[in-house]
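Residue-level structural notes
Listed below, chain by chain, are the residues.
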Amino acid sequence: MRRWQVQVGTDAGLEQYRQDFYQKTDSQLYSGTCFRTEEGQPCYLVLLLTLQPVHEAKSAVVIFLPFTLAFSLALSVVFALLYSKRITKPLSDISRTTERMRALDKSAACKVETMDEIGVLSENINILYRSLLATIEDIQRESTRASEAETAKIDFLRAASHELKTPVTALCGMLDNMIMGIGRYRDWEAYLPVCQEMAGRFGGMIQEILDASRLNFSFAGEPSEQVRLQAFLEKLLPPWLLIAKSKGILVETDFRNDFSVQFPVSAMEKVVNNVISNGVKYTDSNGMVRIYLAHRRMVVENECTPLRPEDLDHIFEPFYRPDFSRSRNGAGENPDGGNGLGLYIASKILTTLSYRFEFAPFQYP
């Protein structure tokens, strides 16, 4: 290829001539230019390049290209396998762990080793599974509690029917004897008031049974109040002080360690009344009942005939009374005045409110 270029200069009226040329063969490359100086002497500038390195590089590339492609493909496959393994292994672990979770294995937990999407997914699965286990445990506890409450209610009704059977039979026997005029019951005017009194006690006993049967339910419908125990006890004590005084029993109180507690007032009134009633009823004549507050506890102590260990094991059962209080007179009366429901009602209420309590022998000084 030839290219001629003529350049006309204006400096000192001189003209410059330039001739460029370019030629390429299989093995060489020629490139140059011809020009004249200001004195008119011709000058040549020639560039000679050999193409052998290019051909050698091309041949090398052609020879190594398949190996390069093969190596690149193998390297890509290896990296693809490693990456897929890194991705699929956590997913496989999650799959195996969820199988254990489906079987409710409490020790099952997804491993959280990274903070990427898989790590977040594993943590969310763990949180969801812990929540599920907690819900299942709550349902199981509620189911067990409901089953126990149903069993206790059935046992209570059986005990109540048995407890009512004896006095009702006695009352019916008295009425039959009065109707038929047998023996001393011919004097029906003297025994009708006795029957009326017995019927009144039956009504009170039935009311206690109904109150006890309702204790299987919570006190969610009754609001809790913050109460100072001293004021609370002083409000409930006057009737029991009169009863104790009529029996020659001294009641000693000590509320210096007063404190406040939050509870449903009406429910706790039943507890305190039943406990104080038990203390007053079973205190020996000219004995003492001591009611005091200490270490955030309410304590009721009374002087009485010590209970046997086997009696203490059953003291909170419905209608249970120690042997010395089980006797009844001819009219079906219990001379000690107990129906065996007071401590049962108190224990049921305190258990429902999750309060700790105990009934223990105490050597009074």
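As for the overall build of the protein
Counting its regular elements, the protein contains seven helices and nine strands. Within the protein, counting contacts between residues at least 6 apart in sequence, those at least 24 apart form 56% of the total. Looking at the protein as shown, the accessible area adds up to about 25,100 Å², and 58% of this sits on carbon and sulfur atoms.

Comments concerning the nonpolar core
Among the nonpolar cores identified, the biggest contains 37 residues, and Ile209, Phe232 and Met268 are the most heavily contacted of them. Taken together, the elements giving at least two residues each to this core come down to α2 (117-180), α3 (188-213), α4 (229-246), β7 (260-263), α5 (265-281), β8 (288-294) and α7 (342-352). Beyond its immediate chain neighbours, meaning those up to four positions away, Met268 contacts Phe232, Phe263, Leu350, Leu353 and Tyr355.

Considerations on the confidence of the model for the protein
Of all residues in the protein, 85% attain a pLDDT of 70 or more, and the chain-wide mean is 78. Contacts of residues 1-17 to residues separated by more than four positions or lying in other chains number 21 contacts, the stretch itself having pLDDT below 50. pLDDT under 50 marks residues 325-336. Its contacts with residues more than four places away, or in other chains, come to 23 contacts.

A closer look at the side chain of Ser347
Structurally, Ser347 is set in helix α7. For Ser347, a relative accessible area of 7% gives the class buried. At 2.8 Å, the side chain of Ser347 and the backbone oxygen of Tyr344 are in polar contact. With residues near it in sequence (within four places) discarded, Ser347 still touches Phe316 and Phe357.

Digging into unusual backbone geometry
One non-glycine residue with positive phi stands out, namely Leu104, at about 60°. Of note in this structure, Asn286 is not a glycine but carries a positive phi near 60°. Looking at the element boundaries, Asn286 is found in the loop between α5 and β8.

Quick word on the pattern of salt bridges
Within the structure shown, the criterion is met by eleven salt bridges. Connected through shared salt-bridge partners, Glu252, Arg290 and Glu301 make up one network.

Topic: the environment of Gln23
Mapped onto the elements, Gln23 comes out in strand β2 (residues 15-24). For the pair formed by Gln23 and Leu48, sequence separation is 25 residues and the distance between their alpha carbons is 9.8 Å. Discounting residues that sit within four places of it in the chain, Gln23 has contacts with Gln28, Leu29 and Tyr30.

Focus on the sheet that holds strand β6 (residues 250-254)
Judged by pairing direction, the sheet is mixed, and its three strands sit side by side in the order β6-β8-β9 without closing on themselves. Only two strands of the sheet have a single neighbouring strand rather than two, namely β6 and β9 (297-302). The average angle at which neighbouring strand axes cross in this sheet is 10°, direction not considered. Of the pairings in the sheet, the one linking β6 to β8 comprises five bridges and is parallel in character. In the sheet register, Val251 faces β8, and the bridge partner there is Val289.

Quick word on the packing of aromatic side chains
As enumerated under the stated definition, the model contains four aromatic pairs in all. With a centroid separation of 4.8 Å and 50° between ring planes, the pair formed by Tyr185 and Tyr191 is classed as tilted. Assessed through its relative accessible area of 18%, Tyr191 is described here as buried. Ring-pair connections join several aromatic residues into one group, and the members of that group are Phe316, Phe357 and Phe359. Above the plane of the ring of Tyr292 lies Arg290, whose end atom (NZ or CZ) is 4.2 Å from the centre.

Observations concerning the packing of α4 against α5
With their axes 10 Å apart at the nearest point, α4 and α5 run at an angle of 30° to one another. Here α4 is positioned roughly parallel relative to α5, judged by the angle of their axes. By crossing handedness, the relation of α4 to α5 is classed as right-handed. Here Phe232, Leu233, Lys235, Leu236, Leu237, Trp240, Ile243 and Ala244 of α4 lie close against α5, whose contacting residues are Val265, Met268, Glu269, Val272, Asn273, Ile276, Ser277 and Val280. Tallied by class, the residues present in the contact of α4 with α5 amount to twelve nonpolar, two polar and two charged.

Cut-offs applied
- Residues numbered from 1 in each chain as written.
- Predicted model: local features only at pLDDT ≥ 70, side-chain atom pairs only at ≥ 80, totals over all residues.
- Heavy atoms only, no water.
- Helix = DSSP H or I, 4+ residues; strand = E, 2+ residues; numbered from the N terminus.
- Contact = heavy atoms within 4.5 Å.
- Areas by Shrake-Rupley, 256 points an atom, 1.4 Å probe, with all protein chains shown as cover.
- Core = buried A, V, L, I, M, F, W, Y, C linked by side-chain atoms within 4.5 Å.
- Buried < 20%, exposed > 50% of the residue type's maximum accessible area, 1.4 Å probe, protein only.
- pLDDT = per-residue confidence, 0-100.
- Polar contact = N/O pair within 3.5 Å; in protein donor to acceptor, adjacent residues only side chain to side chain.
- Salt bridge = Lys/Arg side-chain N within 4 Å of Asp/Glu carboxyl O.
- Pairing = 2+ DSSP bridges.
- Axes fitted to C-alpha atoms, helices over the stretch in contact; angles between N-to-C directions.
- Phe/Tyr/Trp six-rings, centres within 6.5 Å; stacked < 30°, edge-to-face > 60°.
- Lys NZ or Arg CZ within 6 Å of the ring centre and 35° of its normal.
- Parallel < 35°, antiparallel > 145°, perpendicular 65-115°, else oblique.
- Left-handed = near helix turned anticlockwise from the far one by under 90°.
- Nonpolar A, V, L, I, M, F, W, Y, C, P; charged D, E, K, R; others polar.

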